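This is what each chain is made of:
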Amino acid sequence: FPGKSPHVALFPGAGMGHLTPFLRLAAMLSSRGCLVTLITVKPTVSVAESTHISTFFSTYPHINRLDFEILPCNPPNSTNTDPFFIQFEAISRSVHLLKPLLLSSSPPLSAIFSDFVGSVTVTPLAEHLSIPNYVVSTTSARFSSLFSYLPFLFSENSAKFGGSDNDVQIPGLSPLPLSTIPPPFFNPTLFFTSFAISNAQILPKAKGILLNTFDRFEPDTIAALNNGSVLSSLPPVLPIGPFEPYKFKKGDYLSWVDDQSVGSVVYVSFGSRTAMSKDQIRELGDGLERSGCPFLWVLKSSKVDKEDNEEIEDLLGNSFLERTKNRGIIVKGWVNQEQILAHPAIGGFISHCGWNSVMEAARHGVPVLAWPLHGDQRVNAEVVENAGLGMWVRDWGWGGEKVVKGEEIGEKVREMMSDEKLRNKAMEVGEEARKACQDANGSSVKALMGIIETLTL
Ligand code: BUP
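None of these values were measured; they are calculated from a predicted model.

Caption draft 1: Structural view of the pairing of strand β12 (residues 328-331). Where burial is concerned, the two faces of β12 agree: the one with G328 and I330 and the one with I329 and V331 are both buried. When strand β11 (residues 295-298) meets β12, the two strands line up parallel, connected through 4 bridges. Paired with L296 across the two strands is I329, which belongs to β12.

Below, the structure is given as structure tokens:
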């Protein structure tokens, strides 16, 4: 767009699951001719966030950095104990400090792309400044529908939540089993829920909702969101995923993966903010050992990385490490997951179904054994299963509800790794994902280019 590049400010929420899609979007927009400013909240919650932000700016020096120093976080209280949600609350309280930063942006901003979680603060500000605001959802279209419809579930007929029905009915969608709804959603007095409701209420004011998904992955839900069935007040919903990975140095552990045979390795990760109990970690180790498959396991024993101090030996025991030393790698720390999933040796992914992980598995056609632990992850696991990308053992429960035994885990891992039908279907999903986001006529490419064109007018 020579002479008239749109200037887009991106405003991610807290945590790697929210930052990663924004870093990807920043690189995608920049490579398509936009001027990009990335708003970086200071301080971050995790070390991973600050490290990735620094590396990102040194790799993309032409992307502007706008530091946004927020007010101090409140201490945890009875309705808000999660460090990432405590940060969301502090960002909301600090929004008045953002206004002068946005006003001083040069050239003036053509649009703000902000996190779905946080719309309640950014959307009114963008409206006040007459800057179009696109909200970026970091979850599935299906969970985004639930999120958008949440205020109505409480106001219209609270019996829908926990009444005699086993399902939540959202117009235009297949019923959502009550068991897939995040338990905090049943309690509107919790910060998590009241914040979600106020964010959902503001969505109609956004110019559009951008989704990191693609048409062929969630066709019915995307159609229902766009034809007004879910809510007639929603702005256009634009699936522009899977988001492209941004440039990042070659990760560690790839040389070990290089030595493994095609499709043989199970990759195990429960995302950047999920910690398992010690008992469950030991059973998972037992399961991986019993599966007989080589494995690469990203192990976390604490929610926030700076507090994750426990040694692998203490968590799993030396004898386990001795027995599996030629067959498995256990990492405490960060791996480059996208590169790992892109490797031909990876034959399956035990995943919590954080949405970025799901889209990365879809992009590379890697079968998923879904083990959702909290939040949007059960709804996402259902999407994974329906799209043919993976399998989900429903009775493994929410995280911490029970300890799943190693024997059962080993059996399911073997099942996933030997299921040829699943492997082929996952490969088809990978093909569809690549078409959507790489072909010039791909549905996601066209949607993104359409938005950029609108911003140049
Ligand atoms: Br851990 C880990 N390397 O070692 P999700 C994560 N990631 O690249 P989450 C790595 O972080 P929310 C690691 O590829 C994905 O892009 C991973 O996001 C990357 O889950 C991202 O999958 C994690 O959405 O976030 O972190 O639980 O709770 O917001 O879903």
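Having seen the model, we can carry on.
Caption draft 2: Main features of a negative patch on the surface. A surface patch of like charges, here negative, comprises D395, E407, E408 and E411. Inspection of the secondary structure puts E411 in helix α16 (residues 406-418).

Caption draft 3: Local environment of the sheet that holds strand β13 (residues 346-351). The parallel open sheet is built from 6 strands, whose spatial order is β12-β11-β10-β13-β14-β15. A strand with exactly one partner marks an edge of an open sheet, and here the two such strands are β12 and β15 (390-392). Taking each pair of neighbouring strands and ignoring which way they run, the sheet shows an average axis angle of 15 degrees. Pairing of strand β10 (residues 265-269) with β11 involves 3 bridges; the strand directions are parallel. Note on β11: the bridge partner recorded for Y267 is L296. Relative to β15, helix α15 (residues 377-387) is tilted by about 135 degrees, and along the sheet it contacts β14 (368-370) and β15.

Caption draft 4: Spotlight on the site of the ligand. Around the ligand sit 18 residues, and of these S272, V335, N356, S357 and E360 come closest. S272 places a side-chain nitrogen or oxygen 2.4 Å from an oxygen atom of the ligand. The contact in question runs from a nitrogen atom of the ligand to an N or O atom on the backbone of V335, over 2.6 Å. Notes on the ligand: free accessible area 620 Å², of which the protein chains cover 95%. Mapped by element, the contributors of at least two residues to the shell around the ligand are α1 (16-31) and α14 (355-364). Considering each element in turn, the shell around the ligand owes the most residues, 4 residues, to α14. A class-by-class count of the residues in the shell around the ligand yields 4 nonpolar, 12 polar and 2 charged.

Caption draft 5: Inspection of α14 at higher detail. Summarising burial for α14: 9 of the 10 residues are buried, a large majority. Within α14 the residues assigned to the buried category are W355, N356, S357, V358, M359, E360, A361, A362 and R363. Packing partners of the buried residues in α14 comprise α1, α13 (337-342), β13, β14, α15 and α17 (420-438). Looking at the residues trailing α14, positive phi occurs at G365, about 60 degrees.

Caption draft 6: Quick peek at the packing of helix α5 (residues 119-128) against helix α7 (residues 191-202). Following both chains from N to C, one finds α5 and α7 inclined at 30 degrees, their axes separated by 8 Å at the closest point. Taken together, α5 and α7 sit at an angle that is classed as roughly parallel. Contacts from S119, V120, T123 and P124 in α5 reach F195, S198, N199 and I202 in α7. Residues that form the contact of α5 with α7 fall into these classes: 4 nonpolar, 4 polar and no charged.

Caption draft 7: How the structure looks around the pairing of strand β8 (residues 208-211). Alternating positions in β8 separate into two faces, G208 and L210 on one and I209 and L211 on the other, with burial throughout. Bridging between β8 and strand β9 (residues 237-239) involves 3 bridges; their strand directions are parallel. Following the sheet pairing, L210 is matched in β9 by L238. Where the polypeptide runs from β8 across helix α8 (residues 219-226) and back to β9, its parallel neighbour, the crossover connection is right-handed.

Caption draft 8: Quick look at the packing of aromatic side chains. As enumerated under the stated definition, the model contains 19 aromatic pairs in all. When the centroid spacing of 6.2 Å and the interplanar angle of 40 degrees are considered together, the rings of F88 and F195 count as tilted. Taken as a pair, F88 in helix α3 (residues 83-93) and F195 in helix α7 lie far apart in primary sequence, 107 residues in all. One aromatic cluster in this structure is built from F85, F88, F143, F185, F191, F192 and F195.

Caption draft 9: Quick peek at the sheet that holds strand β2 (residues 35-42). If you walk across this open sheet you meet the 7 strands as β3-β2-β1-β4-β5-β8-β9, and the pairing is parallel. Two strands in the sheet have a free side with no partner beyond their single neighbour: β3 (64-69) and β9. Across this sheet, the average inter-strand angle for adjacent strands is 25 degrees, counted without regard to direction. One ladder, built from 4 bridges, connects strand β1 (residues 7-11) with β2; its direction is parallel. Note that in β2 the partner of L10 across the bridge is L38. Where helix α2 (residues 47-59) meets the sheet, its contacts fall on β2 and β3, and the angle it forms with β2 comes to roughly 155 degrees.

Caption draft 10: Examining the pattern of salt bridges more closely. Inspection of the entire model under this criterion finds 21 salt bridges. Between R282 and D279 there is a salt bridge, with the nearest N and O atoms lying 3.2 Å from each other. Highlighted residues: R282 and D279, both in helix α10 (residues 278-291), separated by 3 residues, approximately one helical turn. Residue classification places R282 among the partly exposed residues on the basis of a relative accessible area of 39%. Linked by salt bridges that have partners in common, R24, E338, E360 and R363 make up one network.

Caption draft 11: Representation of the side chain of K412 within the structure. Its place among the elements puts K412 in helix α16. Relative accessible area serves as the criterion here: at 19%, K412 is assigned to the buried category. Apart from the residues within four sequence positions on either side, K412 is in contact with L369, M391, V393 and W396.

How each quantity is defined
- Residues numbered from 1 in each chain as written.
- Predicted model: local features only at pLDDT ≥ 70, side-chain atom pairs only at ≥ 80, totals over all residues.
- Heavy atoms only, no water.
- Buried < 20%, exposed > 50% of the residue type's maximum accessible area, 1.4 Å probe, protein only.
- Helix = DSSP H or I, 4+ residues; strand = E, 2+ residues; numbered from the N terminus.
- Pairing = 2+ DSSP bridges.
- Patch = residues over 30% accessible without salt bridge, like charges linked within 9 Å, V, L, I, M, F, W, Y side chains within 5 Å.
- Areas by Shrake-Rupley, 256 points an atom, 1.4 Å probe, with all protein chains shown as cover.
- Salt bridge = Lys/Arg side-chain N within 4 Å of Asp/Glu carboxyl O.
- Lys, Arg positive; Asp, Glu negative; His and termini not counted.
- Charge placed at Lys NZ, Arg CZ, Asp CG, Glu CD.
- Axes fitted to C-alpha atoms, helices over the stretch in contact; angles between N-to-C directions.
- Contact = heavy atoms within 4.5 Å.
- Near = heavy atom within 4 Å.
- Polar contact = N/O pair within 3.5 Å; in protein donor to acceptor, adjacent residues only side chain to side chain.
- Nonpolar A, V, L, I, M, F, W, Y, C, P; charged D, E, K, R; others polar.
- Parallel < 35°, antiparallel > 145°, perpendicular 65-115°, else oblique.
- Right-handed = clockwise from strand over helix to strand, strands pointing away.
- Phe/Tyr/Trp six-rings, centres within 6.5 Å; stacked < 30°, edge-to-face > 60°.

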